[in-house]
Structure formats: C-alpha cells, structure tokens
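Structural characterization, general
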Amino acid sequence: MARKEKDLYGLIGRKLGHSFSCGYFNRKFESECIDAEYLNFEIDTIEELPALLAAHPALKGLNVTIPYKQDIMRYLDEVDPEAAIIGAVNVVSIRRKDGRPYLKGFNSDVVGFVNSIKPLLRPLHLGALVLGTGGASKAVARGLDSLGLHVRFVSRTPREGVLTYADLTPAVMKTHTVVVNTTPLGMYPDVDACPPIPYDLLTSDHLCYDLIYNPDNTKFMREAALRGAVTKNGLEMLLLQAFETWLMWQ
C-alpha cells in the first residue's frame, strides 16, 4: 500500500528570508510527532496562487504575509466573519471539495496583537497612531479599537481620513500616545530605515510597538527608547498568532 503523502503547510509572501514561521511549525510538527511539513512559498504576484495550489495538492493551510493579506481575499471561497470585518486575511485553511481546493480565510493577527500589547497599556493611553495602511494595519486597528483606544491611520500618501507624517503635530503626538508600526520600514536587511515620525515629540508617556521582529530592536524602537518611550517588537505577537493559526487550521 502506498504511503500517504504528508500534510503540507506554508507561508506565501513576496520576500520571506526573514520568516519565523517555517522553523516554528517544523519544530512543532517534529516535537508533536505530526506527519507534516511547512515550506516558504515566495510568489511575485497573488495571481500565482492557483498554480501553487495545483502544484501542491497536499497543502492543508497557508499563512499569508506582505503584501497579500488583502489581495488573497478574492481567491477565497469563504471568509471568517471577523476577517471580513477587518478586511484582511493572514491564515487560510484548505480542504478539498469535488476535487478542487476550498479555501477559507481567517485573521489571527488581532488575537496575537491584543494579547501582546494589552499588558503594556496604561490609563493615559487613549489614542493610537497606526503607521501604514496595509493588511496588518487593519487588524491592529481592530485590536486597538476593541481595547478602547481612538485610532488614526498614518500614511505617506494623502487620502481622506488618513493622516500623513507631516500631520503629526505636537498636539497629535500628545493625544496619541500609542504608536504602532505596521510598515516594513526597518525590517532586515534594511535595518537603517524607520517610519518618519517626529521622534523628538515622543516622551515617557508613549508606547511604541513595532510589528517587525527581525531585527529584534529596530531603529524605530531605538529612536523611541532614546526619548523614554516604552518599546516592544512583534515576536510575542507572532508566537501568539502562530498558536491561534494552528487552531484555525484544525
């Protein structure tokens, strides 16, 4: 009797050299004697997804990272209600129906982010700036809103309802004492980059959270710490959402 092909899971994104997930899940599979493998799938466009699924019929689940958390939604057969509200998906479960893959999208970013940042929040933290407007920013904003913070998005591109970096006046920085970087600025290998916020307006009242975890101390975090701000990177969030991801796949 032919041996059953092992289950396959993976991560899709454009640049995955920094990825934590591959090592984490393969160690999990080994330690728990799960007959499965996790691979990185770098794709140049989301349009490559159908070919990827066809080439790997053993795929049971995917993580989704930059820049496809929103683009992947048009390929899904079903979207979890929470992910639909957020407008972004970072977990996909894959089942076979009538010989074709059936894809359901979830979002584990909110749970991971909320459980990671919540212990650091203080009563003075009433407003938050979310740097970036990509898929991760939507989950972060959802999480901050659930914690009772007033959220403003910040982007380099002017648009209605979104602040630009030039709009970050002393008054804005004083009333928004939580700053979350959801952009890739500062991610390895571009470790000398950072979002162009007015760092001199940061104080010990500020909490600056970076979703980046490689490097573990980004320039954004270092500049904030120099002004007395509390800082944290995204590694714990990643661990928390990885646990949540496995539950979603099951």
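The structure we're discussing is the one just above.
What comes next is a walk through the structure.

Definitions and cut-offs
Residues numbered from 1 in each chain as written. Predicted model: local features only at pLDDT ≥ 70, side-chain atom pairs only at ≥ 80, totals over all residues. Heavy atoms only, no water. Core = buried A, V, L, I, M, F, W, Y, C linked by side-chain atoms within 4.5 Å. Buried < 20%, exposed > 50% of the residue type's maximum accessible area, 1.4 Å probe, protein only. Helix = DSSP H or I, 4+ residues; strand = E, 2+ residues; numbered from the N terminus. Contact = heavy atoms within 4.5 Å. Polar contact = N/O pair within 3.5 Å; in protein donor to acceptor, adjacent residues only side chain to side chain. Axes fitted to C-alpha atoms, helices over the stretch in contact; angles between N-to-C directions. Parallel < 35°, antiparallel > 145°, perpendicular 65-115°, else oblique. Left-handed = near helix turned anticlockwise from the far one by under 90°. Nonpolar A, V, L, I, M, F, W, Y, C, P; charged D, E, K, R; others polar. Arc of directions from axis to C-beta. Pairing = 2+ DSSP bridges. Phe/Tyr/Trp six-rings, centres within 6.5 Å; stacked < 30°, edge-to-face > 60°.

Let us now look at the nonpolar core. Within soluble globular proteins, side chains that are nonpolar generally end up buried alongside one another. Counting residues in each nonpolar core, the largest one holds 20 residues, and the members touching the most others are I12, L49, L62, I72 and V92. When residues of this core are traced back to their parent elements, those giving at least two are β1 (7–13), α2 (49–55), β3 (59–64) and β5 (91–97). When near neighbours in sequence (up to four residues on either side) are disregarded, L49 contacts I12, L62, I72, Y75 and L103. In this structure, V154, L168, V179 and M221 belong to the second largest nonpolar core, which totals 18 residues.

What follows deals with the side chain of N107. Structurally, N107 can be placed in the loop between β6 (100–106) and α4 (109–117). Exposure remark for N107: the relative accessible area of 5% places this residue in the buried category. Polar contacts involving the side chain of N107 include one to the main-chain carbonyl oxygen of A88, which spans 3.0 Å. Setting aside chain neighbours within four positions, we find N107 in contact with A83, I86, A88, V89, N90, A139 and M248.

As a packed pair, helix α1 (residues 21–31) and helix α8 (residues 235–249) sit with axes 11 Å apart at the nearest point and diverge in direction by 60°. When the axes of α1 and α8 are compared, the pair comes out oblique. Between α1 and α8 lies a crossing of right-handed hand. Contact residues: α1 offers Y24, F25, K28 and F29, while α8 offers L239, A242, F243, T245, W246 and W249. Classifying every residue of the contact of α1 with α8 gives eight nonpolar, one polar and one charged.

This paragraph deals with the environment of H56. Along the chain, H56 turns up in the loop between α2 and β3. In the structure, H56 is positioned 47 residues away from Y9 in sequence and 9.7 Å away in space, judged by C-alpha atoms. Apart from the residues within four sequence positions on either side, H56 is in contact with L8, F41 and R96.

This paragraph deals with helix α7 (residues 219–226). Those residues of α7 that fall on the buried side of the exposure criterion are F220, M221 and A224. Summarising the axial view, the buried residues of α7 lie within an arc of 95°, below the 170-degree limit, and thus occupy one face. Within two residues after α7, G228 carries a phi angle of roughly 90°, on the positive side.

If you walk across this open sheet you meet the six strands as β2-β1-β3-β5-β6-β4, and the pairing is mixed. Sheet topology places β2 (36–42) and β4 (78–79) at the edges, where each strand pairs with a single neighbour. Both β4 and β6 contribute to a ladder of two bridges, which runs parallel. Note that in β6 the partner of V79 across the bridge is G105. Lying over the sheet, α8 contacts β1, β2, β3, β5 and β6, oriented at roughly 15° with respect to β5.

Quick look at the packing of aromatic side chains now. What the rule picks out here adds up to 14 aromatic pairs. Pairing F25 with F29 gives two aromatic rings, centres 6.2 Å apart and planes at 35°, and the pair type is tilted. One end of the pair, F25, and the other, F29, are both in helix α1, four residues apart, so they sit about a helical turn from each other. No difference in accessibility class separates F25 from F29, as the two residues are buried.

Geometric values such as these leave the question of function open.
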